[in-house]
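Structure assessment
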Amino acid sequence: QQQVKQSPQSLIVQKGGISIINCAYENTAFDYFPWYQQFPGKGPALLIAIRPDVSEKKEGRFTISFNKSAKQFSLHIMDSQPGDSATYFCAGYGATNKLIFGTGTLLAVQP
Amino acid sequence: KAGVTQTPRYLIKTRGQQVTLSCSPISGHRSVSWYQQTPGQGLQFLFEYFSETQRNKGNFPGRFSGRQFSNSRSEMNVSTLELGDSALYLCASSLNRGFETQYFGPGTRLLVL
């Protein structure tokens, strides 16, 4: 019940393309869903987050789409750039006060 | 404002030894959580500290322990190291307990030989 499933495991996108990463959760007690970006040798950095009462949130080129009934959410990176190449993690957070992370997606944006 | 700092950044230990890792949260942040990151298991929650008390613990053996000081700085300790403890140990701080926005440090890379 605690799991967050993330796909794909890896993704190759051409510069200027759209990167899409999907996550599904089981725990209906989650009330906060962040996405983290991690570069090699660095800790995860908060990218964007959404609450389940909102279906979409956009910040610059990054958009989260949220489907509460399906218990799914996704990250869209528009106009993907080589600098976006990193590992992306989705997560869920709720009453347990701990982040439950997805397995991560390694994104490579080719120039 | 300075971010979360962790020391040391790299450590090499041998099996059976113990290790202590340190974390200084963002100034004003009172809650500190620790996570273990490995290629096989991903990011897993270790424990959370708030007001010098462990509030939450993940599914790790008792060899993993921690503490928090009155200035919110935290340490974690791993005793009797095993090869499988090799990982990146991440500390995250948040403003208060129940504040879901967590900011991560760069991590401590531990290699157990």
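Please refer to the structure higher up on the page.
Summary of the structure given here. Values in this document were obtained by computation on a predicted structure and should not be read as measured data.

To continue, consider the overall build of chain B. Counting its secondary structure elements, chain B contains 0 helices and 11 strands. Walking chain B from its N terminus toward its C terminus, one meets helices and strands in the order β-β-β-β-β-β-β-β-β-β-β. In terms of C-alpha radius of gyration, chain B reaches 13 Å, essentially the compact-globule figure of 13 Å for 113 residues. Its C-alpha atoms give chain B principal-axis dimensions of roughly 35 × 25 × 25 Å. Out of the 113 residues belonging to chain B, those deemed buried represent 50%. A fraction of 54% describes how many contacts in chain B between residues 6 or more apart in sequence connect residues 24 or more apart. For chain B, the exposed surface amounts to about 5,300 Å²; the carbon and sulfur share of it is 48%. Averaging the positions of the 12 positive and the 6 negative side-chain charges in chain B gives two centres separated by 4 Å.

Glancing now at the packing of aromatic side chains. Counted by the stated rule, this structure contains 20 aromatic pairs over all chains. Their ring planes at 85° and their centres at 5.7 Å tell us that F101 of chain A and Y35 of chain B sit as a pair that is edge-to-face. Of this pair, F101 of chain A sits in strand β10 (residues 99-101) while Y35 of chain B sits in strand β4 (residues 31-38), placing the two residues on different chains. Since its relative accessible area comes to 8%, F101 of chain A is described here as buried.

A general feature of soluble globular proteins is that nonpolar side chains tend to end up buried together. If you look at the biggest cluster of nonpolar residues, it comprises 24 residues, and the most contacted ones within it are W35, F73, L75 and Y88 of chain A. Mapped onto this core, the elements with two or more residues apiece are β2 (10-14), β3 (19-25), β4 (33-38), β5 (45-50), β7 (62-67), β8 (72-77), β9 (86-93) and β11 (105-110) of chain A. Aside from chain neighbours lying at most four places away, what touches L75 of chain A is S19, I20, I21, W35, L47, I48, F62, T63, I64 and Y88 of chain A. Core analysis: the next-biggest nonpolar cluster, separate from the first, contains 21 residues, C23, F64, A87 and Y89 of chain B among them.

Right, let's talk about the pattern of salt bridges for a bit. The full count for this structure, using the stated rule, is 8 salt bridges over all chains. Taking the shortest distance from any N to any O, the salt bridge between D84 of chain A and R61 of chain A comes out at 2.8 Å. You can see D84 of chain A sitting in the loop between β8 and β9 and its partner R61 of chain A sitting in the loop between β6 (56-59) and β7, a full 23 residues away along the chain. Put simply, R63, E82 and D85 of chain B are held in one network by salt bridges that share partners.

Our focus in this paragraph is the environment of K98 of chain A. One can find K98 of chain A in the loop between β9 and β10. Under the relative-accessibility criterion, K98 of chain A is labelled buried at 15%.

Okay, the sheet that holds β7 of chain A next. All names here are of chain A. Spatial strand order, β1-β3-β8-β7-β6: 5 strands in an open sheet with antiparallel pairing. A single partner strand is all that each edge strand has here, and the edge strands are β1 (4-7) and β6. Each strand axis lies, on average, 15° off the axis of its neighbour in the sheet, ignoring direction. Pairing of β1 with β3, which is carried by 4 bridges, proceeds in the antiparallel orientation. Of the residues in β3, the one forming a bridge with S7 is N22.

Cut-offs used in this document
Residues numbered from 1 in each chain as written. Chains lettered and ligands numbered in written order. Predicted model: local features only at pLDDT ≥ 70, side-chain atom pairs only at ≥ 80, totals over all residues. Heavy atoms only, no water. Helix = DSSP H or I, 4+ residues; strand = E, 2+ residues; numbered from the N terminus. Rg over C-alpha atoms; globule rule 2.2 N^0.38 Å. Buried < 20%, exposed > 50% of the residue type's maximum accessible area, 1.4 Å probe, protein only. Contact = heavy atoms within 4.5 Å. Areas by Shrake-Rupley, 256 points an atom, 1.4 Å probe, with all protein chains shown as cover. Lys, Arg positive; Asp, Glu negative; His and termini not counted. Charge placed at Lys NZ, Arg CZ, Asp CG, Glu CD. Phe/Tyr/Trp six-rings, centres within 6.5 Å; stacked < 30°, edge-to-face > 60°. Core = buried A, V, L, I, M, F, W, Y, C linked by side-chain atoms within 4.5 Å. Salt bridge = Lys/Arg side-chain N within 4 Å of Asp/Glu carboxyl O. Pairing = 2+ DSSP bridges. Axes fitted to C-alpha atoms, helices over the stretch in contact; angles between N-to-C directions.

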